[in-house]
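# Descriptive structure summary
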Amino acid sequence: MTFEYLRVPVAGGVELHTAVGGHGSPIVLLHGFPQTHLMWRHVAAALAEDHTVICPDLRGYGASDKPAEDGPGTYSKRTMAADVIELARQLGHERFALAGHDRGALVAVRAGLDHPGHVTHLASLDVLPTLDMWDVMQGTTAAVGFHLYLMAQPKGLPERMIAASADDFFGHFLDLWTNDPAAIPPDVRAEYLKACRDAVPSIVADYRASAGIDVEHDRADRAAGTTLAMPVTVLQQDWGAVLGFDAAALWRAWAPDLRHVPVTCGHFMAEEAPDLVVNELRDLLVR
């Protein structure tokens, strides 16, 4: 299946580098950290047999535009979700399915909460909603999320620290979170590292937003009783066994129509277990 590359204008003059392929009902796939749209290469090719598949680099990542952080809203998940809605609209789709991994999953959840009339189905790969993520990070076990705390710091220090050893920093997560190193071959790994090396300020800004304005938005939705109205599938490693929480229960509070699937592959499941991901997405799309 051949994918066409486009630069699609979204909010505020930002353009998203986007791969589009296939025919049929649309599904947008959002990548995570520390990656680009390439993480979907296996899944996208399979889904494109009977769906229009749209794979952007998120704002601030990969070859998409990286606007300077101008206050907390620049990289809020609300802003990034609005990018996705406008991206789909520019490509001719008012309603579409949405799947995200890691950071992309946080954007997908915010899109589902803010724009329920546009998102028909939603899938999240290996993350908790922002508010719950911070709530479960307690005690020494929270050391696994040290990067969350580093990038939550005020502008300046985290950017300088990470830029000083960018390949070591981002490569640490590619190594630590992968059960099968062969799933991310050297050429793809090199592409991820270069993309992250070139985007340190915007990646940090994305994470900084998740320690501030994104939490505020989640708290407002929790207080208002806002939930995800569409069918939701969550694929997740069993973090709860280590950190002491019930992931399915946390997700069910946000997603009444939930399928929660524990997985045994590593964090980068779209690359380590693409057949599993494709099958679960196909099942989701007929719910």
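Shown above is the structure to which this text applies.
Anyway, here's the lowdown on the structure attached to this text. (Residues numbered from 1 in each chain as written. Predicted model: local features only at pLDDT ≥ 70, side-chain atom pairs only at ≥ 80, totals over all residues. Heavy atoms only, no water.)

Counting residues in each nonpolar core, the largest one holds 96 residues, and the members touching the most others are Leu-29, Trp-40 and Phe-170. For this core, the element with the most residues is helix α2 (residues 77–90), which contributes six residues. Excluding anything up to four places from it in sequence, Trp-40 contacts Leu-29, Leu-30, His-31, Ala-45, Cys-55, Ala-99, Gly-100, His-101, Leu-125, Ala-270 and Val-277. (Core = buried A, V, L, I, M, F, W, Y, C linked by side-chain atoms within 4.5 Å. Buried < 20%, exposed > 50% of the residue type's maximum accessible area, 1.4 Å probe, protein only. Helix = DSSP H or I, 4+ residues; strand = E, 2+ residues; numbered from the N terminus. Contact = heavy atoms within 4.5 Å.)

Here we come to the side chain of His-37. Along the chain, His-37 turns up in the loop between β3 (25–30) and α1 (41–47). Engagement of the side chain of His-37 in a polar contact is seen with the side chain of Tyr-5, the distance being 2.7 Å. Aside from chain neighbours lying at most four places away, what touches His-37 is Tyr-5, His-17, Ala-19, His-31, Cys-55, Pro-56 and Asp-57. (Polar contact = N/O pair within 3.5 Å; in protein donor to acceptor, adjacent residues only side chain to side chain.)

Here we take up the pairing of strand β1 (residues 4–9). Bridge count between β1 and strand β2 (residues 15–21): six bridges; the pairing is antiparallel. When the bridges of β2 are listed, Arg-7 appears paired with His-17. Counting the residues that bridge the hairpin from β1 to β2 gives five residues, and of these Gly-12 lies at a positive phi of roughly 60°. (Pairing = 2+ DSSP bridges.)

Taken in spatial order, the eight strands of this open sheet run β1-β2-β4-β3-β5-β6-β7-β8, and their pairing is mixed. Pairing within the sheet leaves two strands with one partner each, and these edge strands are β1 and β8 (258–262). The average undirected angle you get between the axes of adjacent strands in this sheet is 20°. In this structure, strand β7 (residues 232–236) lies alongside β8, joined through five bridges in parallel fashion. (Axes fitted to C-alpha atoms, helices over the stretch in contact; angles between N-to-C directions.)

Under the criterion given, the structure shown has 22 salt bridges. Across the salt bridge formed by Asp-214 and Lys-77, the nearest N and O atoms sit 2.6 Å from each other. On the criterion of sequence distance, the pair formed by Asp-214 in helix α10 (residues 213–224) and Lys-77 in helix α2 is long-range, its members being 137 residues apart. The salt bridge involving Arg-197 is made with Asp-167; its shortest N-O contact spans 2.9 Å. Residue Arg-197 is found in helix α8 (residues 186–197), and its partner Asp-167 is found in helix α7 (residues 166–176); the two are separated by 30 residues along the sequence. Look at Arg-197 and you get partly exposed, because its relative accessible area is 40%. A relative accessible area of 33% means that Asp-167 is categorised as partly exposed. One salt-bridge network, in which partners are shared between bridges, spans Arg-78, Arg-110, Asp-114, Asp-218 and Asp-221. (Salt bridge = Lys/Arg side-chain N within 4 Å of Asp/Glu carboxyl O.)

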